[in-house]
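# Analysis of the macromolecular model
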Amino acid sequence: MRELRFWSVAFVFVLPSLAGAQTVDPEASFNAGLNHLREGRATMAVDEFKKAVRQDGKNAYFQKGLGQAYLAVGKYDDAVSAFRKALEINPYYTDVRNDLGTALVLSGRRNEGMQEFIAAFNDPTNPTPEISSRNLGRAYLDAKSYPEAINWYRTSIGRNKSYPDSYLGLSEALMATGRIDEAVAALETAAKECPQSADVLVSLGEAYSHIGRLSDARSRLEEARRRDPGGPVGRRAAQLLQQFPSK
């Protein structure tokens with residue numbers, strides 16, 4: 001099963017103040033769930049979001065949080081249910097369509113998921129069209145429909161030039177079609193537009209290595225390792241550097 005990190009969900013919550021409107025308990029559970037989810041404790045996040053939903057099942061933010069936690073633990077059908085409840089409560093909560101599309105695709109319902117991404121992208125109130133178009137790119141890339149994937153990744157970049165996932169997907173799609181020079185150029189642009197992204201640096205290092213620019217590859221990989229010491233990207237960079245000959 002494809003890991004969640006390959007998909008982008010709208011992990012954005014604009015929770016209005018609940019003071020005076022209801023007890024603080026559901027909000028406290030919601031905030032605890034967010035903290036657990038952000039720090040990688042997905043199972044504990046599910047428990048906290050469930051508490052919030054039990055206390056206020058008509059809150060779309062709580063349902064969205066629960067759906068995101070279910071995604072993180074791989075319970076895709078439960079995530080679909082939670083996201084659909086969020087949209088029932090607030091049909092204008094467009095971000096949730098990105099989440100719902102992701103859950104549907106990961107549960108094996110690719111066409112349904114892509115329709116949700118398209119609906120989100122076409123909504124003029126969508127605050128994150130780069131996520132919707134990036135996810136469409138990912139879906140087409142997984143289906144090996146490379147021209148469509150490239151188109152949607154380029155669309156995503158057009159909506160937000162500082163969103164690294166779009167460049168990473170674009171370079172992967174270009175590589176898959178043998179357009180290596182274009183893939184390298186896309187990653188070089190990404191390194192300029194997203195200078196803090198260690199993921200971009202690792203991918204650019206790999207691309208440079210692929211075309212024989214070993215000195216440039218080493219430089220980018222060493223920088224990625226410095227950016228994410230001890231993290232997954234830094235470890236990946238360190239593994240790749242081990243394949244280089246000693247200086």
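Calculation criteria
- Residues numbered from 1 in each chain as written.
- Predicted model: local features only at pLDDT ≥ 70, side-chain atom pairs only at ≥ 80, totals over all residues.
- Heavy atoms only, no water.
- Helix = DSSP H or I, 4+ residues; strand = E, 2+ residues; numbered from the N terminus.
- Buried < 20%, exposed > 50% of the residue type's maximum accessible area, 1.4 Å probe, protein only.
- Contact = heavy atoms within 4.5 Å.
- Expected span 1.5 Å × (residues − 1).
- Arc of directions from axis to C-beta.
- Salt bridge = Lys/Arg side-chain N within 4 Å of Asp/Glu carboxyl O.
- Phe/Tyr/Trp six-rings, centres within 6.5 Å; stacked < 30°, edge-to-face > 60°.
- Axes fitted to C-alpha atoms, helices over the stretch in contact; angles between N-to-C directions.
- Parallel < 35°, antiparallel > 145°, perpendicular 65-115°, else oblique.
- Left-handed = near helix turned anticlockwise from the far one by under 90°.
- Nonpolar A, V, L, I, M, F, W, Y, C, P; charged D, E, K, R; others polar.

## Re the overall build of the chain
- Regarding its fold elements, the chain presents 13 helices and zero strands.
- In sequence order, the secondary structure elements of the chain are arranged as α-α-α-α-α-α-α-α-α-α-α-α-α.
- Burial status across the chain gives 47% buried among its 247 residues.
- Considering only residue pairs separated by 6 or more positions, the chain has 52% of its internal contacts joining residues 24 or more positions apart.

## Considerations on helix α12 (residues 214-227)
- Taking 1.5 Å per residue as the helical rise, α12 with its 14 residues ought to reach 20 Å, and the 20 Å between its terminal C-alpha atoms agrees with that figure.
- Residues of α12 that are buried include every one of Ala217, Arg218, Leu221 and Ala224, and no others. An end-on view of α12 places all buried positions within 130 degrees of arc, on one side of the element. Of the exposed residues in α12, the ones pointing more than 90 degrees away from its buried face are Ser215 and Arg226.
- In this fold, the buried residues of α12 make contact with α11 (198-210) and α13 (232-241).

## Brief notes about the pattern of salt bridges
- For the coordinates displayed, the defined rule picks out 15 salt bridges.
- Asp77 serves as the salt-bridge partner of Arg109, at 3.0 Å between the closest nitrogen and oxygen. Of this pair, Arg109 sits in the loop between α5 (95-106) and α6 (110-122) while Asp77 sits in helix α4 (residues 76-89); the two residues are 32 residues apart in sequence, bridging distant segments of the chain.
- Judged by its relative accessible area of 26%, Arg109 is partly exposed.
- A single salt-bridge network, built from bridges that share partners, covers Arg138, Asp142 and Glu172.

## Remarks on the packing of aromatic side chains
- Tallied over the entire structure, the rule returns four aromatic pairs.
- Through a chain of ring-to-ring contacts, three or more aromatic side chains come together here, namely Phe30, Phe49 and Phe62.

## Things to note about the side chain of Thr155
- Looking at the element boundaries, Thr155 is found in helix α8 (residues 146-159).
- Judged by its relative accessible area of 19%, Thr155 is buried.
- Once residues lying within four places of it in the same chain are set aside, the contact partners of Thr155 are Phe121 and Ser133.

## Section: the packing of α11 against α12
- Look at α11 against α12: their axes get within 8 Å of each other, and the N-to-C directions meet at 160 degrees. Classified by the angle between their axes, α11 and α12 sit roughly antiparallel to one another. Between α11 and α12 the crossing geometry is left-handed. Contacts between α11 and α12 involve Ala198, Leu201, Val202, Leu204, Gly205, Tyr208 and Ser209 from the first element and Leu214, Asp216, Ala217, Arg220, Leu221, Glu223, Ala224 and Arg227 from the second.
- Considering only residue class, the contact of α11 with α12 consists of nine nonpolar, two polar and four charged.

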